[in-house]
Amino acid sequence: MKKYVLLLIGLAFLLPPSVMAEDFLEAPVVPGGKVLLKTDSRLELSVPKGHSEVLEYYKDALKSFKDIRVREWKNETYIEDDGKLPWHSITISKGGTGETKVIIVKDNWTWILGTLVLRFVGVFIVLLLLFVAMGISGSIISKSVARAEAKKAAG
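Residues numbered from 1 in each chain as written. Predicted model: local features only at pLDDT ≥ 70, side-chain atom pairs only at ≥ 80, totals over all residues. Heavy atoms only, no water.

Before going further, it helps to spend a moment on the overall build of the protein chain. When helices and strands are counted, the protein chain shows four helices and eight strands. Beginning at the N terminus, the succession of helices and strands in the protein chain can be written as α-α-β-β-β-β-α-β-β-β-β-α. For the protein chain, with 155 residues in total, the buried portion stands at 22%. Considering only contacts within the protein chain whose residues lie at least 6 apart along the sequence, 38% involve residues at least 24 apart. Approximately 11,600 Å² of the protein chain is accessible, and the part contributed by carbon and sulfur atoms is 66%. (Helix = DSSP H or I, 4+ residues; strand = E, 2+ residues; numbered from the N terminus. Buried < 20%, exposed > 50% of the residue type's maximum accessible area, 1.4 Å probe, protein only. Contact = heavy atoms within 4.5 Å. Areas by Shrake-Rupley, 256 points an atom, 1.4 Å probe, with all protein chains shown as cover.)

So this is what it looks like as structure tokens:
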């Protein structure tokens, strides 16, 4: 029995720190952050680290996932999951105050349906443009063929 207890204690110390790390919707949370807002679908926290440190933490923590995209914007870095994880995005602000704001948002049907509707409408706009372009080219070709036949009949 004593061996099992020692074995369990040894395993507890040998487990990687990521297993013991805090997470929100299966997304890692930077340790040492102060929670500003926490709901079922959103977590906002302020971290007393610079933007580059927080970004490196997330790049390291998410490197094993294949559907992660990192986008650099002017005022923030946007990490997005295009896979099936329960979270949709992690936004890391680029503030110059020494405090970095991190926002983790849950994947929701509004985002999914909005993307689908946008693509659906986009396909029909492209088809409409093709239809108009083909109509214009058809009328130009018809007029030029009619002119060529009129010249041929006259000459």
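On we go from here.
What follows deals with the nonpolar core. Among soluble globular proteins, nonpolar side chains are generally buried collectively. Ranked by internal contacts, the top residues of the largest apolar core, which has 19 residues, are Tyr58, Ile79, Trp87, Ile90, Val102 and Ile104. Put simply, the parts of the chain that give this core at least two residues each are β4 (42-47), α3 (51-61), β7 (87-93) and β8 (100-106). Those residues in contact with Ile90, other than ones at most four positions away along the chain, are Ala27, Tyr58, Leu62, Thr77, Tyr78, Ile79, Val102, Ile103 and Ile104. (Core = buried A, V, L, I, M, F, W, Y, C linked by side-chain atoms within 4.5 Å.)

Such coordinate-based values are descriptive only and should not be taken to indicate function.
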